[in-house]
Amino acid sequence: PTIIIMVVQKKPKSEIRKAFERFDVNGNGKLSLAEIDKAVRELYPDLFADKRAMMRAYKACDVSGDGYIEFVEFRNLVKFLYYFNDLGKLFAQLDTNHDHRVSMDEFLKGHELAGIHTTNEGARAEFAKLDTNHGGCIIFFHYAYLYFVYVFICLCSSVLFL
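Residues numbered from 1 in each chain as written. Predicted model: local features only at pLDDT ≥ 70, side-chain atom pairs only at ≥ 80, totals over all residues. Heavy atoms only, no water.

J.: An account of the nonpolar core is needed here, citing residue identities and associated values.
T.: Residues I36, F74, L77 and F84 are the most contacted members of the largest nonpolar core, which totals 38 residues. Residue assignment for this core shows that the elements contributing at least two residues are α1 (13–23), α2 (33–43), α3 (45–48), α4 (51–61), α5 (71–94), α6 (104–114) and α7 (120–130). The element contributing the most residues to this core is α5, with 12 residues. If near-sequence neighbours (up to four positions away) are discounted, F74 is found in contact with I16, A19, F20, L31, I36 and I69. (Core = buried A, V, L, I, M, F, W, Y, C linked by side-chain atoms within 4.5 Å. Buried < 20%, exposed > 50% of the residue type's maximum accessible area, 1.4 Å probe, protein only. Helix = DSSP H or I, 4+ residues; strand = E, 2+ residues; numbered from the N terminus. Contact = heavy atoms within 4.5 Å.)

J.: Could you give an account of the packing of aromatic side chains, naming the residues involved and the relevant values?
T.: Within this structure, the stated rule accounts for 5 aromatic pairs. Aromatic pair F80 and F84: ring centres 6.1 Å apart, planes at 25°, arrangement stacked. Placement of both F80 and F84 in helix α5 is noted, with a separation of 4 residues, approximately one turn of the helix. You can call F80 buried: its relative accessible area is 17%. In this structure F84 comes out as buried when scored by relative accessible area, which is 6%. Seen from their ring centres, F107 and F127 are 5.3 Å apart, and the 65° between their planes marks the pair as edge-to-face. (Phe/Tyr/Trp six-rings, centres within 6.5 Å; stacked < 30°, edge-to-face > 60°.)

J.: Mind laying out the environment of S64, listing which residues take part and the relevant values?
T.: Secondary-structure assignment places S64 in the loop between α4 and β3 (69–70). On the basis of relative accessibility, which here comes to 45%, the residue S64 falls in the partly exposed class. Not counting residues within four places of it along the chain, the set of residues in contact with S64 comprises E70 and E73. Within the structure, the side chain of S64 is placed 3.0 Å from the side chain of D66, a separation counted as a polar contact. (Polar contact = N/O pair within 3.5 Å; in protein donor to acceptor, adjacent residues only side chain to side chain.)

J.: Let's hear about the packing of α4 against α5: which residues, and what values?
T.: At a minimum axis separation of 8 Å, α4 and α5 run at an interaxial angle of 140°. Where α4 crosses over α5, the handedness of that crossing is right-handed. On α5, the residues that touch R52, A53, M54, R56, A57, Y58, A60 and C61 of α4 are E73, N76, L77, F80, L81, F84, N85, G88 and F91. Of the residues belonging to the contact of α4 with α5, the class tally is 11 nonpolar, 3 polar and 3 charged. (Axes fitted to C-alpha atoms, helices over the stretch in contact; angles between N-to-C directions. Left-handed = near helix turned anticlockwise from the far one by under 90°. Nonpolar A, V, L, I, M, F, W, Y, C, P; charged D, E, K, R; others polar.)

J.: How would you explain α1 if you had to name every residue and give the values?
T.: Among all positions of α1, only I16, A19, F20 and F23 are buried. The arc that holds every buried residue of α1, seen down its axis, measures 100°, which confines them to one face. Along α1, exposed side chains directed more than 90 degrees from the buried face belong to S14 and K18. Those residues of α1 that are buried lie in contact with β2 (30–31), α2, β3 and α5. (Arc of directions from axis to C-beta.)

Keep in mind these numbers describe shape, not what the thing actually does.
Written out as structure tokens, the structure reads:
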């Protein structure tokens, strides 16, 4: 099984709290998408360029589903930013024609790049599940979901945040 190891320098909780409060401009204890956008742009400019990755990280952190990131959720934001940013780079490698979608051929190649070992038939079946409109391609969201499921559930692996 493939295990992704993400090395994210841990910061003291007090430092994370200070950053959270800095961008919580209205003091409501929650960060809106606009506040997250500003925080990422200022604190992690190298992760700001890929908006799809940022949106995936934002949605993954919003455990409560209310559209806001609370402090408890904020602590995982950077981890998810790195995760989805790296996944976005892999997706970009697969998307050889740069149409922001992955075809079946690109998808099969992606399994090799990601270290996913499955049969050709298995990969085609997964692609068919993700290609919900039967258009012959999948978007980043679907690819990120599949990769997430593969790593976390199918292989019973875990992502180590050191």
